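# Coordinates in review
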Amino acid sequence: MRAFLIKTSRLLRFPSLALMAFAMLCMVPSMGLGSLAPEEVLVVANANSSASVELAEYYLQKRGVPDANLLRIDTVREESISWARYEKEVQAPVREHLASRGESDPSIRCVLLMYGVPLRVNGSGATREEAQMLRELRQTRSHLQERLDQKSGQGGAQGLRRKLEQVEKALRQERRRQDKRASLDSELALVRAEDYSRSMWLQNPYCLMYGHDAELALSRDQVLMTCRLDGPTPEIVKRMIEDSIHAEEEGLDGTACFDARWEKPDKERVRGYRRYDKSLYAAAKRVRQLSGLDVVLENTPKLFQPGDCPSTALYCGWYSLGEYVDAFDWEPGAVGYHIASSECATLKGDSKVWCKRILEDGAAATLGPVDEPYVQAFPLPELFFGLLLDGRLSLAEVYALATPYWSWKMVLVGDPLYRPFAHAETAR
């Protein structure tokens with residue numbers, strides 16, 4: 001994973017856990033968030049999948065979501081969908097449903113996508129102008145390469161090599177700028193936004209990492225929270241629902257496991273990989289301060305190994321690309337994520353990607369990218385787990401406040417209403 005960093009002074013950097021905690025307490029109420037209610041969740045199932053509809057109906061019954069909040073859409077059962085089909089088969093019916101409720105009923109705050117609904121939107125989705133730009137750059141590269149081949153062993157080749165390098169760089173930048181692959185969930189978060197750029201990402205106006213004065217392309221009223229209940233099998237999804245409810249009632253207990261790669265840096269401000277590694281230390285410290293969970297912190301390049309993480313309630317770590325390490329005995333209701341590329345590229349089949357295997361192995365919720373997201377697309381561990389431990393916010397709200405981007409690659413998998421530490425609020 002490449003650390004392709006945001007270069008903006010508007011990004012709010014938290015120099016201490018105390019300041020981060022203060023920001024959480026002060027900013028959340030002003031955003032209109034707080035304990036997502038069942039009637040505020042729109043559940044979207046695929047009418048072409050009996051398992052999708054059955055799981056949706058089961059979720060409505062278990063969580064008390066009104067029957068009117070179930071939307072059946074007619075779409076493909078595969079994990080990938082084209083932009084054209086996404087717009088017609090997913091975006092359009094969700095927009096129509098929201099419009100049918102009228103401005104007098106703006107109650108839907110979260111869209112829950114069920115097992116059987118596609119996971120990602122693929123294809124370039126390039127405009128005519130963007131496609132032309134790529135063609136011209138490729139043609140220029142081909143022309144320069146031909147001229148360079150003709151000058152093999154002759155003088156004057158150095159200037160051509162420099163020009164070719166510049167064109168190659170421009171081509172890479174243009175491809176990246178035109179990257180419109182996204183998780184369906186992250187794209188659907190902007191279903192209320194009529195016109196926005198699909199090139200790369202858009203900064204999330206709810207994210208606590210951005211300051212009050214940040215100039216963002218999106219406003220909060222254009223954004224819906226999104227989440228999905230999905231996994232390798234319908235049985236696993238049903239177990240995730242049941243485990244989430246059980247953990248709310250009984251309290252989530254066990255061990256919090258954090259897997260850093262290096263010793264804690266001395267510098268106050270670090271960037272890229274180091275920033276996330278330092279955040280794992282801060283997350284471990286925060287869990288110790290705010291919960292009764294045991295905390296295990298691994299701070300060497302070695303990953304947790306089988307037997308290292310018994311009774312795992314919380315987990316965050318890195319970096320094993322597409323190769324889940326079965327080090328965990330997950331508690332019912334456990335929440336964990338692995339910081340690595342494409343760990344939610346699929347939730348089916350024989351893949352060893354972390355999101356699929358974490359759920360398959362017994363956890364109730366996880367998050368990850370469907371493609372290369374760049375490291376800063378992940379929620380900072382100290383922010384995500386700090387909000388989760390507070391107990392007042394649901395899983396979907398925690399993710400909305402911690403994830404930096406929409407219209408991008410990330411996916412939250414779990415019950416959006418889940419509050420694993422709801423008892424912490426009651427105890428205050």
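You'll find the structure just up there.
Residues numbered from 1 in each chain as written. Predicted model: local features only at pLDDT ≥ 70, side-chain atom pairs only at ≥ 80, totals over all residues. Heavy atoms only, no water.

If you look at the biggest cluster of nonpolar residues, it comprises 96 residues, and the most contacted ones within it are Val 43, Phe 258, Leu 314, Phe 384 and Leu 388. Beyond its immediate chain neighbours, meaning those up to four positions away, Phe 384 contacts Val 335, Tyr 337, Leu 367, Pro 379, Leu 395, Val 398, Tyr 399 and Ala 402. By size, the runner-up hydrophobic cluster in this structure holds 20 residues, among which are Leu 71, Val 76, Ile 81 and Ile 108. (Core = buried A, V, L, I, M, F, W, Y, C linked by side-chain atoms within 4.5 Å. Buried < 20%, exposed > 50% of the residue type's maximum accessible area, 1.4 Å probe, protein only. Contact = heavy atoms within 4.5 Å.)

Moving on, we come to the pattern of salt bridges. This model, assessed by the stated rule, comprises 16 salt bridges. A salt bridge links Glu 57 to Arg 72; the shortest N-O distance between them is 3.1 Å. Of the two residues, Glu 57 sits in helix H2 (residues 50–63) while Arg 72 sits in strand E2 (residues 70–73), which places them 15 residues apart along the sequence. When the shortest N-O distance is used, the salt bridge between Glu 397 and Arg 109 registers 2.7 Å. (Salt bridge = Lys/Arg side-chain N within 4 Å of Asp/Glu carboxyl O. Helix = DSSP H or I, 4+ residues; strand = E, 2+ residues; numbered from the N terminus.)

A word on the packing of helix H10 (residues 381–390) against helix H11 (residues 395–402). Running from amino to carboxyl end, H10 crosses H11 at an angle of 150°, the nearest separation of the two axes being 9 Å. Considering the angle they form, H10 stands roughly antiparallel to H11. The way H10 lies across H11 gives a crossing that is right-handed. Two secondary-structure elements touch here, H10 through Leu 383, Phe 384, Leu 387 and Leu 388 and H11 through Leu 395, Val 398, Tyr 399, Leu 401 and Ala 402. Residue composition of the contact of H10 with H11, by class: nine nonpolar, no polar and no charged. (Axes fitted to C-alpha atoms, helices over the stretch in contact; angles between N-to-C directions. Parallel < 35°, antiparallel > 145°, perpendicular 65-115°, else oblique. Left-handed = near helix turned anticlockwise from the far one by under 90°. Nonpolar A, V, L, I, M, F, W, Y, C, P; charged D, E, K, R; others polar.)

Under the definition given, this model contains 20 aromatic pairs. Consider the rings of Phe 304 and Phe 328, whose centres lie 6.5 Å apart with planes at 80°: the pair is edge-to-face. Placement of the pair is Phe 304 in the loop between strand E10 (294–298) and strand E11 (309–317) and Phe 328 in strand E12 (residues 328–338), with a sequence separation of 24 residues. The burial state of Phe 304 is the same as that of Phe 328; both residues are buried. With 6.2 Å between their ring centres and 35° between their planes, Tyr 324 and Phe 328 make a pair best called tilted. (Phe/Tyr/Trp six-rings, centres within 6.5 Å; stacked < 30°, edge-to-face > 60°.)

Here we take up helix H3 (residues 83–101). Taking 1.5 Å per residue, 19 residues should reach 27 Å; H3 reaches 26 Å between its end C-alpha atoms and fits that length. Where H3 bends most, the angle comes to about 35°, and this point is Gln 91, followed within four residues by the proline Pro 93. In this fold, the buried residues of H3 make contact with strand E1 (41–46), E2, strand E3 (80–82), strand E5 (120–122) and helix H6 (184–188). Just downstream of H3, Gly 102 is the residue with a positive phi angle, here 80°. (Expected span 1.5 Å × (residues − 1). Bend = angle between axes of the 7 residues up to and from the residue.)

This part takes up the environment of Val 287. Mapped onto the elements of the fold, Val 287 is located in helix H8 (residues 272–290). Taking the C-alpha atoms as reference points, Val 287 and Thr 255, 32 residues apart in sequence, are found 10.0 Å from one another. Ignoring sequence-local partners within four residues, the contact set of Val 287 consists of Ala 256, Phe 258, Leu 293, Val 295, Leu 314 and Leu 389.

Residue position: Ser 183 is located in strand E6 (residues 182–183). Within polar-contact distance, the side chain of Ser 183 engages the backbone nitrogen of Ser 186 at 2.9 Å. (Polar contact = N/O pair within 3.5 Å; in protein donor to acceptor, adjacent residues only side chain to side chain.)

Let us now look at the environment of Leu 347. Within the element layout of this structure, Leu 347 appears in the loop between E12 and helix H9 (354–360). Each residue touching Leu 347, except ones within four places of it in the same chain, is listed here: Glu 79, Leu 119, Arg 228, Asp 230, Gly 231, Pro 232, Cys 355, Lys 356, Leu 359 and Val 413.

With that settled, consider the sheet that holds strand E9 (residues 255–259). The parallel open sheet is built from four strands, whose spatial order is E10-E9-E11-E12. Two strands bound the open sheet, and with one partner strand each, they are E10 and E12. On average, each strand axis in the sheet is inclined to that of its neighbour by 25°, with strand direction left out of account. Looking at chain direction, E11 and E12 are connected through six bridges and run parallel. Note on E12: the bridge partner recorded for Leu 314 is Val 335. Along the sheet face, H10 touches E9, E11 and E12 and points at about 145° away from the line of E12. (Pairing = 2+ DSSP bridges.)

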